[in-house]
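Architecture at a glance
Single-letter residue listing:
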Amino acid sequence: MATLLQVDEGRQVTLLARHLVGRAPRCDLQLPSRRVSGDHALLRWNGSVWVIRDLGSRNGTYVNGRRLSTGVDQPLAAGDTLRFSDQDGWKLQSAEAPLARAIADGGEAEVVAEAGMLALPSVDDPQVCVVHDGERWVMERGDGGIVEEVHDGMRLEAGGVRWVLSLPQTLDRTLDGQGRPTLDNVGLRFAVSQDEEHVELWLERGDEELSLGARAHHYTLLTLARRRLEDAALHGPEQGWVYQDELLDMLRIDANILHQHLYRARRQLAGAGVADAGGIVQRRRGTGQLRIGVKRISVGPLEGR
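This is a predicted model, so every value here is computed, not measured. (Residues numbered from 1 in each chain as written. Predicted model: local features only at pLDDT ≥ 70, side-chain atom pairs only at ≥ 80, totals over all residues. Heavy atoms only, no water.)

Taking strand neighbours across the sheet as the criterion, the six strands line up as S2-S1-S11-S10-S7-S8 in an open arrangement whose pairing is antiparallel. The strands lining the two open edges of the sheet, one partner per strand, are strand S2 (11-14) and strand S8 (66-67). As judged from the two bridges shared by strand S7 (residues 61-63) and S8, these two strands associate in the antiparallel manner. Of the residues in S8, the one forming a bridge with Val-63 is Arg-66. (Pairing = 2+ DSSP bridges. Helix = DSSP H or I, 4+ residues; strand = E, 2+ residues; numbered from the N terminus.)

Structural data, given as structure tokens:
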């Protein structure tokens, strides 16, 4: 996560995907000086780098001592010094891509995404999941399986708390180049007992395998995997889709249990180091359909079972 440091005071600020700076109470970084405009400047992640824009402030925004032109995005790098009017001494300490976050009204609590997934109000009580499916951010609720697209700055309720979402335009893809597996370069191998009471799962990457053990949610993934294998003759984008109601009938569970299974599958893959684990289950916009988000799949018998 990117951070701003107020050098003299040692104050550190974690940047939201869009971080408004100014004197107004609504600002994410509120500066009290009357020489600072109400809405003074905006820092934001543009999908590749952090940029800063002066919003027409009276006394200027400065990067490394140079005053910015109004309304023009200035790219930033770690170590750059910032000044908002006479409020100097700020340094961009880290320029990493932002993580999705949810902040409770009033700022009393904050939840940070793991591998592109927010669980609200907490990972121990995931009533609502906000996930990135590779194209957009969506919200999934367990009560009735409600799924809808969400966006940065949107407010939602979970656990009796009103949350404000801070969602970057894109996920941090720098992880891909640092050796972490992604759904594009891993496979899943299912081993199933004859009575289908036990489903073990392995994560495959090249010649390596990581056992994910046997979990209840593996049968849900297996059901989706089988549908994708059945559709192998179809063009890739058309493979594996199943309506949620049909899936619930096949699994003989309700939407709330399905919600829990999907959350646990995503969390387990994130724990295994998969950078974009939130996309293990994809949803087709406006159709109520979903599918498994891994292309390389195999299913075989569980030895001794």
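Okay, the sheet that holds strand S22 (residues 208-214) next. Taken in spatial order, the four strands of this open sheet run S22-S21-S20-S26, and their pairing is mixed. In this open sheet, the two strands that pair with only one neighbour each are S22 and strand S26 (296-301). For this sheet, the mean inter-axis angle between neighbouring strands, taken without regard to orientation, is 20°. In this sheet, strand S21 (residues 199-205) lies alongside strand S20 (residues 187-192) in antiparallel orientation, the contact comprising six bridges. Note that in S21 the partner of Leu-188 across the bridge is Leu-203. (Axes fitted to C-alpha atoms, helices over the stretch in contact; angles between N-to-C directions.)

Residues Leu-188, Phe-190, Leu-221, Ile-280 and Ile-292 are the most contacted members of the largest nonpolar core, which totals 31 residues. Those elements giving two or more residues to this core turn out to be S20, S21, helix H1 (217-230), helix H2 (244-251), helix H3 (255-271) and strand S25 (289-292). With sequence-adjacent residues up to four places away left out, Leu-221 is seen in contact with Phe-190, Leu-201, Ala-265, Ile-280, Val-281 and Ile-292. Ranked by size, the runner-up nonpolar core spans 21 residues in total, among them Ala-2, Leu-15, Val-21 and Val-63. (Core = buried A, V, L, I, M, F, W, Y, C linked by side-chain atoms within 4.5 Å. Buried < 20%, exposed > 50% of the residue type's maximum accessible area, 1.4 Å probe, protein only. Contact = heavy atoms within 4.5 Å.)

Moving on to the pattern of salt bridges. What the rule picks out here adds up to 15 salt bridges. Ionic pairing is found between Arg-266 and Glu-140, a salt bridge with its closest N-O pair at 3.0 Å. Placement of Arg-266 in helix H3 and of Glu-140 in strand S16 (residues 137-141) is noted, with a sequence separation of 126 residues between them. Judged on exposure class, the residue Arg-266 and its partner Glu-140 are both buried. A salt bridge links Glu-204 to Arg-296; the shortest N-O distance between them is 3.6 Å. A residue pair is termed long-range when its members are at least 10 positions apart, and Glu-204 in strand S21 and Arg-296 in strand S26 qualify at 92 residues. Of the residues examined, Glu-204 reaches a relative accessible area of 15% and is grouped as buried. Residue Arg-296 is classed as partly exposed on the basis of its relative accessible area of 39%. In the salt-bridge network here, residues are joined through shared partners; they are Arg-189, Glu-204, Glu-209 and Arg-296. (Salt bridge = Lys/Arg side-chain N within 4 Å of Asp/Glu carboxyl O.)

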